[in-house]
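Single-letter residue listing:
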Amino acid sequence: MARRGNSIIKGLEISDIITELNKAYADEWLAYYQYFIEAKVIKGIMKDAAIAELEQHAADELRHANMVADRILQLGGTPLLNPKDWFTHTNCGYEEPKDFDVVSILEDSIKGEQCAISVYSGLADMTRDKDIVTYDIVSQILADEVEHEEDLQALFDDITEFITDIKKNIN
Ligand SMILES: [Fe+2]
Ligand SMILES: [Fe+2]
């Protein structure tokens, strides 16, 4: 544990920061797996573009899990050790892909990103001016999650527009 580093945290219980970071840590692993498996099972129109995006997001979520785990350790905590705990600690849950169509996969993923944005925005509010290091980390992740939502929404819009055009041409 970084003793001097942790002494600069003011107005917050370190154990509360660790608890919240562990919840985000669970979210990141579940998000990672969700993107990983979505990229494997996805079907339908323009799926190659979607696969590239989903694989990129999977890599980003795993990088986030790394960042959060390192911060938990710096604070003197222990990142969740058992994957079973991901389900009891998660904020955003896990959206099992039931319909493999590209449109519903993207819908599920957009929902996940919106939840992640709320979580990291809450963590930024919690740590602002109190725990500068965690604030910096959660702000970086928040910026990525905002970009993720935007990328998925843009792809979703392109694909649904393309489908509408095709239907128009058929009729
Ligand atoms: Fe993430
Ligand atoms: Fe994300």
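The notes below deal with the structure included here. Sequence order sets the numbering: in each chain, residues are counted from 1 along the sequence as written. Chain letters and ligand numbers both follow the written order, the letters beginning at A and the numbers at 1. Per-residue local features of the predicted model are confined to residues with pLDDT of at least 70, and side-chain atom pairs are confined, for both listing and counting, to 80 or more; whole-chain, interface and lining totals are unaffected and use all residues.

### Notes on the overall build of the protein chain
In step 1: Scanning the protein chain from terminus to terminus reveals six helices and zero strands.
In step 2: Taken over the C-alpha atoms alone, the protein chain extends approximately 70 × 30 × 20 Å along its principal axes.
In step 3: Taken over 171 residues, the protein chain has a buried fraction of 30%.
In step 4: Contacts spanning at least 24 positions in sequence make up 78% of the contacts within the protein chain whose residues lie at least 6 apart. The way it works is that DSSP assigns letters per residue, a run of H or I at least four long becomes a helix, a run of E at least two long becomes a strand, and they are numbered from the N terminus. Partly exposed residues are those falling between the two cut-offs: more than 12 but fewer than 20 other C-beta atoms within 10 Å of their own, whereas 20 or more means buried and 12 or fewer means exposed, with C-beta atoms placed from the backbone. Whether two residues are in contact depends on their C-beta atoms, placed from the backbone: they are in contact if these lie within 7 Å.

### Examining helix H3 (residues 47–74)
In an α-helix, one turn spans 3.6 residues; hence positions three or four apart end up facing the same way.
In step 1: Given a helix with a known number of residues, its expected span is that number minus one, times 1.5 Å. Over its 28 residues, H3 runs 41 Å from end to end, which matches the ideal 40 Å to within 8%, given 1.5 Å per residue.
In step 2: Considered for burial, the residues of H3 that qualify are Ala50, Glu53, Leu54, His57, Glu61, His64, Ala65, Val68, Arg71 and Ile72.
In step 3: The inward-facing, buried residues of H3 abut helix H2 (14–41), helix H5 (102–127) and helix H6 (132–170).
In step 4: Of the residues one or two after H3, glycine 76 is the one with positive phi, at around 95°.

### Some words on the nonpolar core
In step 1: Think of a nonpolar core as buried Ala, Val, Leu, Ile, Met, Phe, Trp, Tyr and Cys residues, each tied to the set through C-beta atoms within 7 Å. Residues Leu21 and Tyr25 are the most contacted members of the largest nonpolar core, which totals 30 residues.
In step 2: Elements supplying a minimum of two residues to this core: H2, H3, H5 and H6.
In step 3: With ten residues, the single largest contributor to this core is H2.
In step 4: With residues up to four places along the chain from it excluded, the contact list for tyrosine 25 reads Ala65, Val68, Ala69, Ile72, Pro79 and Leu80.

### Side note on H6
In step 1: Compared with the 57 Å implied by 1.5 Å per residue over 39 residues, the 57 Å span of H6 between its first and last C-alpha is a close match.
In step 2: Along H6, the positions that sit buried rather than exposed are Thr134, Ile137, Val138, Ile141, Glu145, His148, Leu152 and Leu155.
In step 3: At its buried positions, H6 is contacted by H2, H3 and H5.

### A closer look at the packing of H3 against H6
In step 1: For the pair H3 and H6, interaxial distance at closest approach is 11 Å and the crossing angle is 170°. The orientation of H3 relative to H6 falls into the category roughly antiparallel. When H3 is examined against H6, the residues Ala49, Ala50, Glu53, His57, Asp60, His64, Met67 and Arg71 are found in contact with a partner set consisting of Thr134, Ile137, Ile141, Asp144, His148, Asp151, Leu152 and Leu155.
In step 2: When residue character is reported, Ala, Val, Leu, Ile, Met, Phe, Trp, Tyr, Cys and Pro are called nonpolar, Asp, Glu, Lys and Arg charged, and the others, Gly included, polar. When the residues that make up the contact of H3 with H6 are grouped by side-chain class, the tally is seven nonpolar, four polar and five charged. A fitted line through C-alpha atoms serves as each axis, taken over the contacting stretch for helices, and the angle formed by two N-to-C directions is quoted from 0 to 180°. For classification purposes, an angle smaller than 35 degrees is called roughly parallel, one larger than 145 roughly antiparallel, one from 65 to 115 roughly perpendicular, and anything else oblique.

### Quick word on unusual backbone geometry
In step 1: Unlike most non-glycine residues, methionine 46 shows phi in positive territory, near 55°.
In step 2: Looking at methionine 46, the number of C-beta atoms within 10 Å reads 14, which means it is partly exposed.
In step 3: Not every positive phi belongs to a glycine, and aspartate 129 is a case in point at roughly 65°.
In step 4: Inspection of the secondary structure assignment puts aspartate 129 in the loop between H5 and H6.
In step 5: Accessibility expressed as a C-beta count within 10 Å gives 9 for aspartate 129, which makes it exposed.

### Looking at the environment of arginine 3
In step 1: Tracing the backbone through its elements, the reader meets arginine 3 in helix H1 (residues 3–7).
In step 2: When the C-alpha atoms of arginine 3 and glycine 76 are compared, they prove to be 8.8 Å apart, with 73 residues separating the residues in sequence.

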